[in-house]
Amino acid sequence: MAILNLERMFRPKSVAVIGASEKTGSLGTALMRNLIGGGFKGEIYPVNPFHPEVFNLTCFSTIKKIQKVIDLAIIATPIRYAPKIISECSKAGVGGAVVISAGGKEIGKAGVILEKEILQASKNNLRIIGPNCLGVVSTQSQLNATFASRMPATGKMAFISQSGAICTSILDFSIKENMGFSYFVSLGSMLDVDFGDMIDFVGADPEVSSIVLYIENLTHIRNFMSAARAVSRIKPIIALKAGRSHAGAKAAASHTGALASADAVYDAAFRRAGIVRVKTFEELFDCAEFLAKQPLPEGPGLAIVTNAGGPGVMAADALADHHAEPTALARETIEQLDKLLPYYWSRSNPVDILGDATPERYQMVVKTLMKAKGVDGLLIMFSPQAVADPSEVASALSDFLQDKNFPVFTVWMGGAGVAAGREIFNRAGISTFDTPERAVRAFMDLYRYARNREMLQEVPPKLQNRLTFERKAAEEIISCALAQTKGCLTEIDSKKLLNCYGIPVNETEVAKDEEIAVMLAEEMGYPVAVKIYSPDVTHKTDSGGVVLNVGSPAGIRQAFSKVTESVRLYQRDAKIEGVTIQPMLNRPDYELILGVKKDRDFGPVLLFGTGGIFTEIIQDRALALPPLNRLLARRMMEETKIFRVLKGYRNYPGANIMQIEEILIRLSQLVTDFSQISEIDINPLIITDRFAVAVDARIIVEPETVAAPLHLVISPYPDQYESYVEIMDVGRLLIRPIRPEDASLLTELFEKLSKQSIYYRFFSPMKKLPQNMLARFTQIDYDREIALVAILNSMGSEQMLGVGRVIIEYDQKNAEFAVLVGDEWHGKGIGAELMKRCLKIARMRNIERVWGLVLSDNTNMLALGKKLGFSRKLVHNSSAFELSYNFADGQDATELDQLHSVA
């Protein structure tokens, strides 16, 4: 339900506390005390049948007795009463309930049943946070609906956690470190409201600048990924995922299965969503503080100031652990520092200003470095010396450091002797740490987010040719495998399936027995590779498997003898049922592994890395979630060590990187189209200077439980919305969803627009589309937005003539539209065709209202809106009209089909 009614929960005008009390030590007492003590300005209604009054407020026996609109109910009764109370809240029209009570699924089967009853009792869009949670805080509303002992300070960070204990720990830490929050939320069991809902809600709040998550498990993962991908483009999201050591499947059926661990999949998912993942509780604390107090760095260039050489070396080593190093100081910066420091200073970064550094020397050096070229962040360190007092140095720095425009943070090394200095920085809102390692790690976490955001805005290059696939043939192979086997395709069928999607496989001949195998091998010419298998045992063993470099008929016969013996160990009557013979390839330049493993939570996961017989020992691999484009495929490859070799290394020639990217995209499309695929193992994919070929392949399928493409956690390109239309005086146009690779086509369309058309569409003059806007318009989440483009294909070259767009709002009920058509094509009916199709899609997605703003002198767009049935009203104090299309008024897709194009 996305953010439906969350506004009422976090900005309530009225709160009911069910189970309110004045009994010492009770939850009801703590909740009432916190609500009143936190300064909540709305109405507070205690509910308890055993008390006429609580905290001098009239107490009601049930929520229905209040007879007022209640936005938020806090339930602090024993959980066995929760289903009945939730039912009463639903009937009373309450916006949402926070169920504090424990005793849900964490206690086992009985708790699971109870939670199900609570959910079934929820009606009329009542939202539920919990059960088994600490509660929620909204500092903007002065709402402390928790039983925590303290109210957090106001700030711009949203903290969301499943664990109440983590919440109280962070809260205590935040008070000590002077950190503030906009929202402080304990989700508990996530019976209803989950991480995806909260990311959507706080992400849309301009008072939130960063989001910190403590995650134990995820629900509704597709919604989570969608929300995170949307919000992380504009706000940093930092996550600590607990349970990193949890193993995936204990027995892997392939190399791919062995390499794709559960924790590595979370890494891949968070990376794709733009989330910075931290590994420890300490790192979460540090990162949370850093986010609360620091702007984003523009680069990794960290300058280090220290009054002792050793700590400077420690900071440099910590940077090296993150594959970075202190930024090189510009010549003019060194010359400026020469005037400020003794001649024997380090003259490099780290800047050692020596043990006799005074507060004044610290000030002068820091001010110089804050203006220096190439410095993106500044770490100031102090080690106790006999000359300078740590508090005096901190005081000298804290005043002017508050007006920084890039990360400036400190390390005051030591114990009680430097504690007062750290306290000065905390009061001034300046991040401070006790070790160089923690400080550097926090900076690099922040930089990783900044880098992730840049990558999210990169435009992928186009493939040279549009990819085609034999989907029907692939479907037949999979259907036969499911009907006739236990799910493991033969090598022959595995390669046929790969070939349907354009993944190159090597030449293979099939023999039924030993004599035919010998004959085929002699025709091919020795050496050959022979693989002999029996369906009865291939899932248990390689069954003698591949016999390499067979140079004579005797070698084949010997292989048959060994395999027959192996088969009989498992089943006395088993027979050899298949033989494949392949010509031996010349020594390959590289051996890669490509694969797919279906994860229980995230669906299919793609794998790329170093292949061959030592794959599992070397463990050089990267994971990614489908779907892929060229940029994502390249990023996946860049995470591996083998990629540096693939680009060419010493006497090894460079591989055709674009071809490997294409193979990864084809593999991604295969698992996008077929949810039945459980595992794919291509090992090795041999790369030479002339070709790439899958030499060995294994595919496992299973009956589908979720139809494609709903088995993916990232919405793929919706090809079902592709269609053709004939436009008079224009020709045959392809109407299709926009792709990330369309950035160049959109740029070309924009460059041909008149100034007036640009102003009508963007409400401001623009000379070019900024990179971030170009990425935003082309790299869309198809679950949240639909953008259809009109493409004219002439002489093999594509031209974009127009774009129609409908952006679904967070409430899932309303959507905003926009239309853009090149000036040359105005009045042809292209805009009408785009909008009709966008409206039909909105209708299919149960959108209730589509609206948009149109300037009053944009007569063409106003005429189009009238033709399509939009109502319009003048926006107050504006020169724009709001056009609105309400499906509830009886307009439907049939009417849209009957509308004629606007001439």
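Residues numbered from 1 in each chain as written. Predicted model: local features only at pLDDT ≥ 70, side-chain atom pairs only at ≥ 80, totals over all residues. Heavy atoms only, no water.

Notes on the nonpolar core
Membership of the largest hydrophobic core comes to 65 residues, with the highest contact counts inside it found for Phe 10, Met 198, Leu 213, Phe 224, Met 225 and Phe 602. Looking at which element gives the most residues to this core, the answer is helix H9 (residues 262-273), with seven residues. Filtering out sequence-adjacent residues up to four positions away, Phe 224 remains in contact with Phe 195, Gly 196, Ile 199, Leu 213, Ile 215, Leu 218, Phe 270 and Ile 275. Ala 481, Tyr 501, Phe 674 and Ala 692 belong to the second largest nonpolar core, which has 46 residues in total. (Core = buried A, V, L, I, M, F, W, Y, C linked by side-chain atoms within 4.5 Å. Buried < 20%, exposed > 50% of the residue type's maximum accessible area, 1.4 Å probe, protein only. Helix = DSSP H or I, 4+ residues; strand = E, 2+ residues; numbered from the N terminus. Contact = heavy atoms within 4.5 Å.)

Things to note about the confidence of the model for the protein
Here the protein shows a mean pLDDT of 87. Residues at 70 or above account for 91%. Here residues 246-253 is modelled with pLDDT under 50, and outside its nearest four sequence neighbours on either side it reaches eight contacts, counting other chains as well. (pLDDT = per-residue confidence, 0-100.)

Section: the sheet that holds strand E18 (residues 408-412)
Read from one edge of the open sheet, five strands run E16-E15-E17-E18-E19, paired in parallel fashion. Both outer strands of the open sheet, strand E16 (351-352) and strand E19 (432-433), are each paired with one neighbouring strand and no more. Across two bridges, the pairing between strand E15 (residues 302-306) and E16 is parallel. Paired with Val 305 across the bridge in E16 is Val 351. Sheet strands in contact with helix H15 (residues 416-427) are strand E17 (377-382), E18 and E19, and its direction is about 165° off that of E18. (Pairing = 2+ DSSP bridges. Axes fitted to C-alpha atoms, helices over the stretch in contact; angles between N-to-C directions.)

Section: unusual backbone geometry
A negative phi angle is the norm for most residues apart from glycine, just as the trans form is the norm for most peptide bonds. For the bond running from Asn 349 to Pro 350, omega is 10°, close enough to zero to count as cis. Within the secondary structure, Pro 350 is located in the loop between helix H12 (331-338) and E16. Between Asn 683 and Pro 684 the backbone carries a cis peptide bond, its omega angle lying at 5°. Position of Pro 684 among the secondary structure elements: in strand E27 (residues 677-687).

Details of the packing of aromatic side chains
By the definition in use, this model includes 27 aromatic pairs. Considering the side-chain rings of Phe 409 and Phe 443, the 5.8 Å spacing of their centres and the 15° angle between planes classify their relative orientation as stacked. Here the residue Phe 409 occupies a position in strand E18, and Phe 443 occupies one in helix H16 (residues 436-456), the gap between them amounting to 34 residues. Both rings, one in Phe 469 and one in Tyr 501, keep their centres 4.8 Å apart while their planes meet at 25°; by these two values the pair is stacked. One end of the pair, Phe 469, is in the loop between H16 and helix H17 (471-484); the other, Tyr 501, is in the loop between helix H18 (491-500) and strand E20 (509-511), and 32 residues separate them in sequence. Among the aromatic residues, those joined into a ring-pair cluster are Phe 224, Tyr 266, Phe 270 and Phe 602. Positioned above the aromatic ring of Phe 674, the side-chain terminus of Arg 471 is 5.9 Å from the ring centre. Across the ring face of Phe 881, the terminal group of Arg 872 is positioned such that the distance to the ring centre comes to 4.7 Å. (Phe/Tyr/Trp six-rings, centres within 6.5 Å; stacked < 30°, edge-to-face > 60°. Lys NZ or Arg CZ within 6 Å of the ring centre and 35° of its normal.)

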